[in-house]
Amino acid sequence: METAKRLYPATLDRKAREEIFGWVLILPALVIILSLILYPIFYNIYLSFFNVNLDGVNTYIGLDNYKGVVFDSFFWNSVVTTFLYVVFTTIGTTFMGLIVALAMNKTFPLRWLVRSLILLPYVAPVISVVFAWQFIFDPVNGIFMDITFNKLHLFANRFNLIGSPKAAVWVAILFSIWKNFPFSYLMILSRLQAIDKNLFEAAEIDGAGTWQKFKAITFPELYFVMGAIVLLRIIWNFNKFEEVFLLTKNVKVLSVYTYFKAFTGTMELGQGAAIAVIQFSLLISFILIYVKKVLKW
Amino acid sequence: MKKIIITFMCVLLLLPVAGVFANGAQEAKATGPVSFDFWTTETQSDRMATIQVLIDTFTALNPDVTINLVAVDENDMAANVQTAAAAGTLPGMFEAGAETAVAFGADNILDTDAATRIIKGIGEDKYYAGTLKLLETSNKGTYYALPYHGWIQGIWYRTDWFKEAGLKPPATWEDTLKAAKYFYKPDENQYGILVGTKAEGYTEQCFTPIAMSNEASLFDKDGKLIFNSPNMKEAVEYYADLAKYNPPGPQTWRARDYYLQGKLAMFYYSTYIMDDLALQDVAAGSLTGKNFENLKGSSFDPDLVKNTGFAPIMTKKQPAGFGVVVALGLFKQKDPAVTAAAEKFINYLYTQNAYITFLHMAPGGMNPVLKSIATNPLFQNDPKGIFKHYGPEKMAEIIQGLNSIETFSIVGGKRIEAASQISAKQIIPQMMYKITQEGMDVDKAMDWANSEMEKITNN
């Protein structure tokens, strides 16, 4: 009590002092969030209304940047690519994570080893696995072409899967699923282990089969953890840059497209800012709907 | 407990304030020790190690100066510099291609006074005139940056294959296309030629001599954009034709490994390839024989250097070659002490021992721009023995080629900065990628490139 008296005026009651203390605790986090997250967001929104010059002289041009973006067919191509990428990677990682988690929940010899090995793609540095994938799919020296074309004669000619503008998006999706499914697996597995065994025993006594047990017990128990995983994966992959950019520069998802627009070629920073604002709004609206409808918050 | 938490919070909150004061104290001492960044496009670790040795030697002699070496990929240099300029964090000095340096000069971020001062100090007549010309501003006798070393590029080809097939060396449009077609055997994992098709600088390096040999340029003498011309279209179409005989997919210079593995008949490359061709240990990194023993041409071919020819000049309507002079430049600084220190360091880099150490990082690839160094016996006696391998005449020919480099940005002796900006923004490589990889129609792609170029010229 002595300490409290010295720090707060005696006129404040206990509740007010608790509130002040609460603010003191929050303050460092608040300062960091304001300066490192909110300030760049607002500055980016501000820039999106300007013709941004690198010499620091910006001219206000109203909605011209937004018009430029919306009437650009490359932008819409990139929206479609992003949509494809997010939908397939989210379904892929969640589904794969679920299957592997269900399998790893069974007991078998050396399970501890397999469980740890599964995490490898997730913990390996992106750049090293990207190089490995590029080497695998190299059209001239890669093992993929050596097996499918040389040995199995599955294709009529050699081709560059990662380099091809059409195929690259599918390679990027496959890569993302392979790299990120261990996260879903880990989350789902920990939830699986927490399900009360009595529920399954009761179901068995009632004569439920494997599928019925999954439908009536496992899935409802996993619903919210999977809902959260899907939400996180959508947020992460909607903004995903490094995995896609390092693997192949041909897949112009929104973040990669924004980079090219803002920092290469004729460097249209204002339009880059406008795309980022559009991307941000799309994501926020989606999250709000998702949280209300699926997670039922 | 509460007391501890509150004290901790207060310390945490005061830390950034303390940091500000600490910075202020440092700035006040700026007249004493000086520190600056040196951005280089020599990203390979062994080259960075050599440059670091030079820096260490210099800073040992000048203990007040600290130089931080930062490697920047040549394709990212322009973008990184422009964002640093916007953020007010430009490095003290850089090493990059002359076109890139001129583009920075056009953006008015270079200290041309300092660059000119160093060149005059060394003596303009000591340089090969052609290399200086590439960095001269519109005002005669002033320079954007300093030429430091350079290379020339051309088609390297398998003389033994050409001889056996009875084909002429790839020195004209017709002969090159004919050979590319002839040697293109994808079923055998063998390809006709390597030209750049990725949206990277290498693509423009391959395309420039082809366009120039067809008398196609970006600008006329009056600085008017004339990109969309019949000559240019012919060159673009020819290039797209050549690219059909490339290894599959978008390609860049890294695919030169296929040549070392005996899977390519011709490839566009700079004289940097000379040590890979001649020396087994240098080439070893490019080979995959250990991993894929049954793949064709998987081991080092000691006869490759004998069986490789070099065609630096391409001819259609006129002969044309290509090369790049790499420049050292200084960015404008608020603190004159940084400029002074960078100037001193650049002068040091031109001293005999430092210069030769630098050039010996890549004999053949890095050629001197000072006449006295080119003829210096120390320079000609490189540790890897490349000079002995190729003979002094071949090396003299390369240096001579360096002295007569032509670029899109000098038309009839006049400097056109916009051409360097177009080059720095990689508009031509992006266009080539659209045509060769995305299957875009040549006219449509050229219209796109033209409109991007107009954005620069109208600015």
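Refer to the preceding data block for the structure.
Procedures and definitions
Residues numbered from 1 in each chain as written. Chains lettered and ligands numbered in written order. Predicted model: local features only at pLDDT ≥ 70, side-chain atom pairs only at ≥ 80, totals over all residues. Heavy atoms only, no water. Helix = DSSP H or I, 4+ residues; strand = E, 2+ residues; numbered from the N terminus. Buried < 20%, exposed > 50% of the residue type's maximum accessible area, 1.4 Å probe, protein only. Areas by Shrake-Rupley, 256 points an atom, 1.4 Å probe, with all protein chains shown as cover. Contact = heavy atoms within 4.5 Å. Phe/Tyr/Trp six-rings, centres within 6.5 Å; stacked < 30°, edge-to-face > 60°. Lys NZ or Arg CZ within 6 Å of the ring centre and 35° of its normal. Axes fitted to C-alpha atoms, helices over the stretch in contact; angles between N-to-C directions. Parallel < 35°, antiparallel > 145°, perpendicular 65-115°, else oblique. Left-handed = near helix turned anticlockwise from the far one by under 90°. Nonpolar A, V, L, I, M, F, W, Y, C, P; charged D, E, K, R; others polar.

Asker: Any chance you could break down the overall build of chain B for me, citing the residues and the numbers?
Answerer: Per the secondary structure count, chain B includes 21 helices and 13 strands. Considering chain B as a whole, with its 459 residues, one finds that 57% of them fall into the buried category. Of the roughly 19300 Å² of accessible surface on chain B, 53% is carried by carbon and sulfur atoms.

Asker: An account of the environment of V102(B) is needed here, citing residue identities and associated values.
Answerer: Residue and element names in this part refer to chain B. Here V102 is to be found in helix α4 (residues 98-106). Each C-alpha atom, one on V102 and one on A320, is 22 Å from the other, the two residues being 218 residues apart in sequence. Beyond its immediate chain neighbours, meaning those up to four positions away, V102 contacts L134, L135, Y144, R415, E417 and S420.

Asker: Mind laying out the packing of aromatic side chains, listing which residues take part and the relevant values?
Answerer: Considering all chains together, one arrives at 52 aromatic pairs over all chains under this definition. Both rings, one in F88(A) and one in W170(A), keep their centres 5.2 Å apart while their planes meet at 75 degrees; by these two values the pair is edge-to-face. Taken together, the positions of F88(A) in helix α4 (residues 73-104) and W170(A) in helix α9 (residues 168-193) put the pair 82 residues apart, joining distant regions of the chain. F88(A) gets classed as partly exposed once you look at its relative accessible area, which sits at 37%. Look at F379(B) and F387(B): their rings are 5.0 Å apart centre to centre, the planes differ by 75 degrees, and that puts the pair in the edge-to-face class. Take F379(B) and F387(B): they sit in the same class, and that class is buried. What links up through ring pairs into an aromatic cluster is the set W133(A), F137(A), F144(A), F155(A), F159(A), F175(A) and W178(A). Positioned over the ring face of F260(A) is K252(A), at 5.2 Å from the centre of the ring. The ring of W448(B) carries the charged tip of K434(B) above its face, separated from the ring centre by 4.6 Å.

Asker: Go over the packing of helix α10 (residues 230-243) of chain B against helix α20 (residues 427-436) of chain B, please, and point to the residues and values.
Answerer: Residue and element names in this part refer to chain B. Contact geometry for α10 and α20: axes closest at 10 Å, N-to-C directions at 55 degrees. Viewed along their axes, α10 and α20 adopt a mutual orientation that is oblique. Crossing handedness for the pair α10 and α20: right-handed. Listed contacts from α20 to V236, Y239, A240 and A243 of α10 are M431, M432, I435 and T436. Of the residues in the contact of α10 with α20, the class split is seven nonpolar, one polar and no charged.

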